[in-house]
Every structure is written in C-alpha cells, then in structure tokens.
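Summary of structural features
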Amino acid sequence: MSEARTKHTVTLYNKEGCHLCENAKAALFSLDGEFEFSLEEVDITSDPVLFEKYKYTIPVMVVDGRIELISRIDAAKLRRAFVEGYGPKLKA
C-alpha cells in the first residue's frame, strides 16, 4: 500500500485532563504500524486565541494541514483521512 509510505503530519489540539484527547491520541498510535506520521501536540491553554477557538471542540486533530477532525476521533476516522483524504476540510 503506497499510502503507508507517505508520512502524514498530525497536530493534536488538546489540554491536560481531557480523556477524549487521550482516546484520540491512542487511536492515532493504534495505526502506528499501518501509517507513518509525526505528531505535534498543542495545549490550547497556552494560547488564549486557541483556547477560545477550541475550548468546546477538543480534541481537534489537523491531518496534513487540511483535514480537521473534532471531538470523538477514532482509528476509522483517522484511517479515512490518511487513505482517502476524507474529512472536514480546514477552513482558511
């Protein structure tokens, strides 16, 4: 599968104590052998603008700078984003 060789970039917007964020991260790492990716975690409490933007929707994962997955993120959603580029497009 050629997609497995593509290195995806994932940004996870989260905050400490968020169990949905931990679940999203676990879902991502469950795909570790299937896909190559790098993960950047951003704590929304470190930036007032990010906090206002994401406080009600975390976790938020931005895949390859263009697909934004929110709230209940599972391995199936991530797989579709990686393979098909499927998911809500990031608003400019």
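Here we summarise the structure given alongside this text. Since we're looking at a predicted model, the values are computed, not measured.

**Thoughts on the overall build of the protein**
The number of helices and strands found in the protein is 3 helices and 4 strands. Sequence-ordered secondary structure for the protein, helices as α and strands as β, is β-α-β-α-β-β-α. With the C-alpha coordinates of the protein rotated into their principal frame, the extents come out at 40 × 30 × 20 Å. Across the 92 residues of the protein, 38% fall into the buried class. Within the protein, residue pairs in contact and separated by at least 24 positions form 61% of the contacts whose partners lie at least 6 positions apart. Accessible surface for the protein amounts to roughly 5700 Å². Of this, 51% is attributable to carbon and sulfur atoms.

**Things to note about the nonpolar core**
Core analysis: the biggest nonpolar cluster contains 17 residues, and Leu28, Met61, Val63, Leu69, Leu78 and Phe82 have the highest contact counts within it. In terms of residue count, the dominant contributor to this core is helix 3 (residues 75-84) (4 residues). In this view, Met61 contacts Val10, Thr11, Leu12, Ala24, Lys25, Leu28, Ile67, Glu68, Leu69, Ile73 and Leu78; residues no more than four positions away in its chain are not counted. Ile44, Tyr54, Val60 and Val62 belong to the second-largest nonpolar core, a separate cluster that totals 11 residues.

**Some remarks on helix 3**
All of the buried residues in helix 3 are Ala75, Leu78, Ala81 and Phe82. On an axial view of helix 3, the arc spanned by its buried residues comes to 125°, and they lie on one face. Buried positions along helix 3 lie against strand 1 (7-14), helix 1 (19-29), strand 2 (36-43), strand 3 (60-63) and strand 4 (67-70). With a side-chain oxygen lying 3.2 Å from the backbone nitrogen of Ala76, the N-terminal cap of helix 3 falls on Asp74.

**Section: the side chain of Asn14**
Take Asn14: it is sitting in strand 1. Judged by its relative accessible area of 9%, Asn14 is buried. Within the structure, the side chain of Asn14 is placed 3.0 Å from the side chain of Glu41, a separation counted as a polar contact. Once residues lying within four places of it in the same chain are set aside, the contact partners of Asn14 are Cys21, Glu41, Val42, Asp43, Ile44 and Ile58.

**Quick look at the packing of aromatic side chains**
The relative placement of two aromatic rings is captured by the distance of their centres and the angle of their planes. Applying the stated criterion to the full structure yields 4 aromatic pairs. Ring geometry for Phe37 versus Phe82: centroids 6.3 Å apart, planes at 20°, classification stacked. On the criterion of sequence distance, the pair formed by Phe37 in strand 2 and Phe82 in helix 3 is long-range, its members being 45 residues apart. Its relative accessible area of 2% is what places Phe82 among the buried residues. Of the aromatic side chains, those joined through ring pairs into one cluster are Phe29, Phe35, Phe37 and Phe82.

Thresholds applied
- Residues numbered from 1 in each chain as written.
- Predicted model: local features only at pLDDT ≥ 70, side-chain atom pairs only at ≥ 80, totals over all residues.
- Heavy atoms only, no water.
- Helix = DSSP H or I, 4+ residues; strand = E, 2+ residues; numbered from the N terminus.
- Buried < 20%, exposed > 50% of the residue type's maximum accessible area, 1.4 Å probe, protein only.
- Contact = heavy atoms within 4.5 Å.
- Areas by Shrake-Rupley, 256 points an atom, 1.4 Å probe, with all protein chains shown as cover.
- Core = buried A, V, L, I, M, F, W, Y, C linked by side-chain atoms within 4.5 Å.
- Arc of directions from axis to C-beta.
- Polar contact = N/O pair within 3.5 Å; in protein donor to acceptor, adjacent residues only side chain to side chain.
- Phe/Tyr/Trp six-rings, centres within 6.5 Å; stacked < 30°, edge-to-face > 60°.

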